[in-house]
Structure formats: C-alpha cells, structure tokens
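Descriptive analysis of the structure
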Amino acid sequence: MQPTDQVLEIGYGPGVAIAALARVGAAHVYGVDHSGVMHHHATRRNAAAVRAGRVTLLRASVDEIPPEIGPFDAILAVNALGFWSAPTERLTRLRQQLTPGGCIAIVSQPRCPGATAKTSRNAARDIETLLIQAGLSNTRTQTLLLDPPAVCVIATASPQNRGAEP
C-alpha cells in the first residue's frame, strides 16, 4: 500500500481486513457490505479510523457501490464472489472503477463439504477466468495453506483496458 492509495473491500464482514488496510497506510479505505450486523461490528472495530476520516463503511451490496467513490488503486473481496449475481458484469464494473495499473484481489477458501486443495485450485481457475472475461490482465494466484487452502487471485487493470468493454 502507498500512502495515497484508495482501497475498496467488498463484503467487509466484521472489518478485520478494513482495520489491517487502514493500519498499513492506505490514504482511504472504503468498505461495502449488505449486512447490518456486519456493518455494526466493522464500525465498532474501526471506530477511530472512521472518526479520523480514513475509513468509510457503507451498508450496500456490490451492485450498489456509489459512483462518487473511487477510483480505487486496489479492490479486495474475500469469500464474497460466490454471492454475486452476474459476477463477470460486476467485475467489469469494478475494473472500470480502478486506476490504471490498479488491482483486484479475489480470495476464496471453499467451504463446501469435502473441500480439498483441488477444490481450491479449481476455484482459483474459475476466478482467473472471470477476471480475464472482465477485461483484467496479468493474473497471478497466491495460496495460503489452510485446510482447505485459501487462494487469492490478483489481476490488474492496464491503462489501455480501464473503462473499456471486454
């Protein structure tokens, strides 16, 4: 993170990643989550950063991100993509909200019964396909060896494809 970065987390839950992002020095961290309960927990956890004007938490879905916030240098979603209707369209819209060279990181730890490392690898491939279909490039995957593994697929918006339809 750079001190000038604008970051968005989609599905911030209790606000753990929001707090970490604010702590590492992003200029401003935005979060959207549709849950009133999670909004309450995240607001309590990040109260000082909210008061300081460094964190903005919105109760909204990925479909309702206000157009007046952004552009973002980084967008993060942890275990949220599976809940999105029309994920390619959502990712395309998010790509359009990135700065040139900005990145989207989609994290998944499969929670289905019997999930294995193979389930995680398959999830990573599916996420990579969605990101490419949304017009992002330079995909790479990182794996956290949990049980089952968590995968983080990262892609960037190149200057020539930001805002363009795929």
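Residues numbered from 1 in each chain as written. Predicted model: local features only at pLDDT ≥ 70, side-chain atom pairs only at ≥ 80, totals over all residues. Heavy atoms only, no water.

1. Looking at the side chain of Asn46
Applicable threshold: A run of H or I in DSSP counts as a helix once it spans at least four residues, and a run of E counts as a strand once it spans at least two, with each numbered from the N terminus. Only heavy atoms matter for contacts: two residues are in contact if any of them lie within 4.5 Å across the pair.
You can see Asn46 is positioned in the loop between helix 2 (36–45) and helix 3 (47–51). For Asn46, the contacting residues outside a window of four places in its chain are Gly15, Ile18 and Ala19.

2. Focus on helix 1 (residues 16–24)
Note the threshold: Between buried and exposed lies partly exposed: a residue is buried under 20% and exposed over 50% of the maximum accessible area for its type, with that area taken using a 1.4 Å probe on protein chains only. In this description, the arc belongs to the directions extending from the helix axis to the C-beta atoms.
Among the residues of helix 1, Ile18, Ala19, Leu21 and Ala22 are the ones counted as buried. Burial along helix 1 is one-sided: seen end-on, the buried residues are contained in an arc of 165 degrees. For helix 1, the exposed residues set more than 90 degrees away from the buried face come down to Val16, Arg23 and Val24. Buried residues along helix 1 sit in contact with strand 1 (6–10), strand 2 (28–33), helix 2, helix 3, strand 3 (55–59) and strand 4 (72–78). Following helix 1 by one or two positions, Gly25 has its phi on the positive side, about 110 degrees.

3. Description of the nonpolar core
Put simply, the test is: Within this scheme, the nonpolar core is defined by two criteria: the residues are buried Ala, Val, Leu, Ile, Met, Phe, Trp, Tyr or Cys, and they are joined through side-chain atoms within 4.5 Å. Where each domain begins and ends is defined by an automated method or by a domain database.
In this structure, Ile10, Trp84, Leu91 and Leu94 are the most contacted members of the largest nonpolar core, which totals 29 residues. Contributing elements (two or more residues each) for this core: strand 1, strand 2, strand 4, helix 4 (87–96), strand 5 (98–108), helix 5 (117–133) and strand 7 (150–156). Considering every element that reaches this core, the biggest residue donor is helix 5, with four residues. Two domains share this core, each providing at least three of its residues, namely domain 1 (1–70) and domain 2 (91–159). Aside from chain neighbours lying at most four places away, what touches Trp84 is Ile10, Val62, Ala77, Arg90, Leu91, Leu94 and Ile106. Ranked by size, the runner-up nonpolar core spans 17 residues in total, among them Val7, Ile18, Leu76 and Val107.

4. With respect to the pattern of salt bridges
A side chain of one charge can pair with a side chain of the opposite charge when the charged atoms of the two come close. Just so we agree on the cut-off: One speaks of a salt bridge when a side-chain nitrogen belonging to Lys or Arg is within 4 Å of a carboxyl oxygen belonging to Asp or Glu.
Tallied over the full model, the rule gives one salt bridge. For the salt bridge of Arg90 with Asp63, the shortest nitrogen-to-oxygen distance reads 2.6 Å. Note that Arg90 is positioned in helix 4 and Asp63 in the loop between strand 3 and strand 4, a separation of 27 residues in sequence. On the basis of relative accessible area, Arg90 is assigned to the buried category, the value being 19%.

5. Some words on the sheet that holds strand 5
Rule in force here: The pairing criterion for strands is at least two bridges between them, as found by DSSP. With axes taken as lines fitted to C-alpha atoms, and helix axes fitted only over the stretch in contact, angles between N-to-C directions fall between 0 and 180 degrees.
As summarised here, the arrangement of the seven strands in space is 3-2-1-4-5-7-6, forming an open sheet in which the pairing is mixed. Looking along the sheet, the strands with just one partner apiece sit at the ends: strand 3 and strand 6 (137–144). Each strand of the sheet is rotated relative to its neighbour by a mean of 15 degrees, with strand direction disregarded. Sheet topology places strand 2 next to strand 3; five bridges connect them, and they run parallel. Residue pairing in the sheet places Asp33 in a bridge with Arg59 of strand 3.

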